[in-house]
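Fold and contact review
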Amino acid sequence: MKLRAELFRELPSVDELLRHPEIRACVEREGQAVVADACRTVLAHLRAEIASNHLHQDQLRLVLEGIHRAIQGELERALGYSLRPVINATGVILHTNLGRAPLATEAVKHIAATATRYSNLEFELASGERGKRDVHLDRLFRKLLQAGCSAAKAGADRLVLDQQQISTIVVNNNAAAVLLALNTLAEGGEVIVSRGELVEIGGSFRIPEVMAKSGAILREVGTTNRTRAADYERAVNERTRLFLRVHRSNFEISGFTEQPTLEAMVLLAEKYKLPLMEDLGSGALIDLGQGGVPGEPIVVDSLRLGVHIVTYSGDKLLGGPQAGILSGREDLVRKMRSNSLFRALRVDKLTYAAMEATLLAYSKRSYAAIPAIHMMGLSPGDIARRAEQLAARIHCPHLELELMDGESLIGGGAAPSAALPTKLLSLTPLTSTAAEILARLRALDPPIIARLEQGQVLLDLRTVFPEEDGLLAAALNQL
Ligand SMILES: *Cc1c(COP(=O)(O)O)cnc(C)c1O
């Protein structure tokens, strides 16, 4: 048996490897530097295997025969993206793990145009002077929130939403928006919140923790299921800075419950001359009721009732890029803009571009151009037709196919009880397990993410783009 030192000597040098015809072809395609890197990585791996006695002489000979393939594999891994598109067949529209809202085509075009050149991000074209980046979105938010308001009953409005009064700024996400608002409005003072609204969203956003980080002191009132206006009133003292209302985005409390209406909260805020903030979370810009998502709070409704500051996400029901949006009374928003935290939490030009294009789609009432909104509006009949066509194209002896009724989910911590009726394609594996099928679907290119329920693999075409149906059929036939 050869000594380890002798095995090490059998390893080729990087130069020798680079002269191998197949490796030379790689060099021509990708350049010498990355291919040499891949050679070094593979050689280092082999050295480690020899050093730990995992590779003996015969095995080494075999490995060396296939070393060019190993180098090619390493090259593919090194040059391939880690962040990749996947086909979302789960039926969860705002799937946080799959990137929440897919962007509208116009948003992507606007990103590309803004990203690859210079822009007037913070430059006033009229005066040639330094400008503010938030003007690009503030203008559209004003228009949309204003339009929503004038469509509503006049007279009932406490806050007359003229264009001077409502202002909007955008930060990195809604968690950042809540942090900025609490820090600006209540640092060092108390914030009164109902115990029924101390929510946790997505495992890492928790109201008490964000409150602590903001420097504000949480003053809990009421109980988990019942909180009355009087509970809030009793907690008011000279240290109180803010009333906070949090939307129960991802859960419901039913049964013996009580919560003051938003109107009552507004009256309370007026009585004590304190601001009222509402963390809406999902924050729809339009009524999604016809799309089958009833009961989701609409941003403009809260503002119209007199809530002073509303915070919501850009990539939930709005269907835009990741962002946290703060809309509300101009003087309060101005304070937030001048808080140094705003600078730390600000978003880049790509987000402004994506958001501007998304808001323009709302302006034009082209809701179907926003993929998440379009998916919410798909009828079970449309989905069933596509599922039937897909099933007809699959010829796989190892799978039993069946169409069945089911439900799609909004996801993203929005509309916990809104279930959209859909038609599911269920795959029952005959020669393997459902978990194995799921794993094989994930290993495809592009990976397909499906649902697993009671030993069945379920595909919901609501969240699959129609142009992906063909890929899906081909992939299932490969299984
Ligand atoms: C989703 C949500 C958040 C967090 O928003 P991100 O944009 O994910 O940071 C905060 N509050 C509520 C009520 C939410 O629903």
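Residues numbered from 1 in each chain as written. Predicted model: local features only at pLDDT ≥ 70, side-chain atom pairs only at ≥ 80, totals over all residues. Heavy atoms only, no water.

With respect to the overall build of the chain
Short version of the rule: Each helix is a run of DSSP H or I of at least 4 residues and each strand a run of E of at least 2, with the numbering of both proceeding from the N terminus. Using a 1.4 Å probe on the protein chains alone, a residue whose accessible area is under 20% of its type maximum counts as buried, one over 50% counts as exposed, and one in between counts as partly exposed. By definition, residues are in contact when any of their heavy atoms lie within 4.5 Å. Each accessible area is a Shrake-Rupley estimate made with a 1.4 Å probe; only the visible protein chains count as cover when residues are assessed.
Each helix and strand counted, the chain has 20 helices and 15 strands in total. Principal-axis analysis of the C-alpha atoms places the extent of the chain at approximately 90 × 55 × 50 Å. Buried positions account for 49% of the 479 residues belonging to the chain. Counting contacts in the chain only where the partners sit at least 6 residues apart, residues at least 24 apart contribute 76% of the total. Accessible surface, the chain as shown: approximately 23600 Å² in total, 52% of it carbon and sulfur.

Let's talk about the layout of surface pockets
Unfilled space is identified by rolling a water-sized probe across the atoms. Put simply, the test is: Only protein atoms enter the 1 Å grid used here, on which a cavity is any set of points holding a 1.4 Å probe that cannot leave and a pocket is any open set flanked by protein within 12 Å on both sides along at least five of seven lines; residues with an atom within 4 Å of a point are listed as lining. Grid points are joined across faces, edges and corners, and a volume is the space filled by probe spheres set on the points. Any residue outside Ala, Val, Leu, Ile, Met, Phe, Trp, Tyr, Cys, Pro, Asp, Glu, Lys and Arg is labelled polar, Gly included; the first ten of those are nonpolar and the last four are charged.
When its volume is computed, the largest pocket comes out at roughly 480 Å³. In terms of residue count, the dominant contributor to the lining of the largest pocket is strand β8 (residues 276-281) (three residues). Residues belonging to the lining of the largest pocket are distributed by class as follows: eight nonpolar, 14 polar and four charged.

Structural notes on the site of the ligand
Worth spelling out the cut-off: Each residue is tested against the molecule or strand, and it is near if at least one of its non-hydrogen atoms lies within 4 Å. Under the rule applied, a polar contact is a pair of N or O atoms within 3.5 Å (in protein, one hydrogen donor and one hydrogen acceptor; residues adjacent in sequence only if both atoms are side-chain atoms).
If you check the shell around the ligand, you find 13 residues, and the closest are R100, S249, D279, S313 and K316. The side chain of R100 places a nitrogen or oxygen atom 2.9 Å from an oxygen atom of the ligand. Taking D279, its side chain carries an N or O atom lying 2.6 Å from a nitrogen atom of the ligand. Contact with the protein chains hides 93% of the accessible area of the ligand, taken as 380 Å² for the molecule alone. Taken together, the residues of the shell around the ligand sort by class into three nonpolar, seven polar and three charged.

Describing the sheet that holds strand β7 (residues 240-246)
Our working rule: Two strands qualify as a pair provided DSSP detects at least 2 bridges between them. Interaxial angles span 0 to 180 degrees and are taken between N-to-C directions of axes, which are lines fitted to C-alpha atoms, for helices over the stretch in contact.
Spatial strand order, β2-β10-β9-β8-β7-β3-β6: seven strands in an open sheet with mixed pairing. Edge positions in the sheet fall to β2 (166-171) and β6 (217-221), since each has one partner strand and no second. On average, adjacent strands in this sheet sit at an angle of 25 degrees to one another, irrespective of strand direction. Where strand β3 (residues 190-194) meets β6, five bridges bridge the pair, whose relative direction is parallel. Bridging across to β6, S194 finds its partner in V221.

Points about the packing of aromatic side chains
Note the threshold: Any two rings among Phe, Tyr and Trp, with Trp reduced to its six-membered ring, count as a pair given centres within 6.5 Å; such a pair is stacked if its planes are under 30 degrees apart, edge-to-face if over 60, and tilted if neither. Whether a charge sits over a ring depends on NZ of Lys or CZ of Arg being within 6 Å of the ring centre and within 35 degrees of the ring normal.
In total, this model carries two aromatic pairs according to the counting rule given. Ring centres of Y232 and F243 lie 6.2 Å apart, and the angle between their planes is 65 degrees; this geometry places the pair in the edge-to-face category. Linking Y232 in helix α11 (residues 229-235) with F243 in strand β7, this pair joins segments that are eleven residues apart in sequence. Of the two residues, Y232 and F243, neither departs from the other in class, the shared state being buried. Residue placement shows R226 over the ring face of F256; its charged tip is 3.9 Å from the ring centre.

Details of helix α9 (residues 174-186)
Heads up, the rule is: Given a helix with a known number of residues, its expected span is that number minus one, times 1.5 Å.
Taking 1.5 Å of rise per residue, the 13 residues of α9 would be expected to cover 18 Å, and the 17 Å separating its terminal C-alpha atoms lies within 8% of that figure. With twelve of 13 residues buried, α9 is to be regarded as a mostly interior element. Three or more residues of α9 are buried, namely N174, A176, A177, V178, L179, L180, A181, L182, N183, T184, L185 and A186. The positive-phi residue at the C-terminal boundary of α9 is G188, with phi of around 80 degrees.

Some points on the domain arrangement of the chain
Heads up, the rule is: Reported domain spans reflect what an automatic or database domain assignment gives.
Taken domain by domain, the chain holds domain 1 (4-79), domain 2 (105-369) and domain 3 (375-478). The distance between the C-alpha centroids of domain 1 and domain 2 comes to 55 Å.

Some words on the nonpolar core
Going by this rule: Among buried residues, the Ala, Val, Leu, Ile, Met, Phe, Trp, Tyr and Cys ones that are joined through side-chain atoms within 4.5 Å form a nonpolar core.
Ranked by internal contacts, the top residues of the largest apolar core, which has 56 residues, are F243, L285, Y312, M376 and I410. Counting only domains with at least three residues in this core, you end up with domain 2 (105-369) and domain 3 (375-478). The residues touching M376, leaving out its near neighbours within four places in the chain, are I93, L288, G291, V293, L317, I410, L420 and R462. Grouped together as the second largest cluster of nonpolar side chains are 31 residues, A181, A186, L242 and V246 included.

With respect to the pattern of salt bridges
Between side chains of opposite charge, a pair can form as their charged atoms come close. Worth spelling out the cut-off: Put simply, a salt bridge is a Lys or Arg side-chain nitrogen that is within 4 Å of an Asp or Glu carboxyl oxygen.
Taken as a whole and judged by the stated rule, the model has 30 salt bridges. We note a salt bridge from E122 to R346, for which the minimum N-O separation is 3.8 Å. Of this pair, E122 sits in the loop between α7 (105-115) and α8 (135-151) while R346 is found in the loop between α15 (340-345) and α16 (349-363), placing the two residues 224 residues apart along the sequence. Of the residues examined, R346 reaches a relative accessible area of 32% and is grouped as partly exposed. R195 is the salt-bridge partner of E220, the closest N and O atoms lying 2.9 Å from each other. In this pair, E220 sits in strand β6 while R195 sits in the loop between β3 and β4 (200-201), placing the two residues 25 residues apart along the sequence. Overall, E220 belongs to the partly exposed group, its relative accessible area being 34%.

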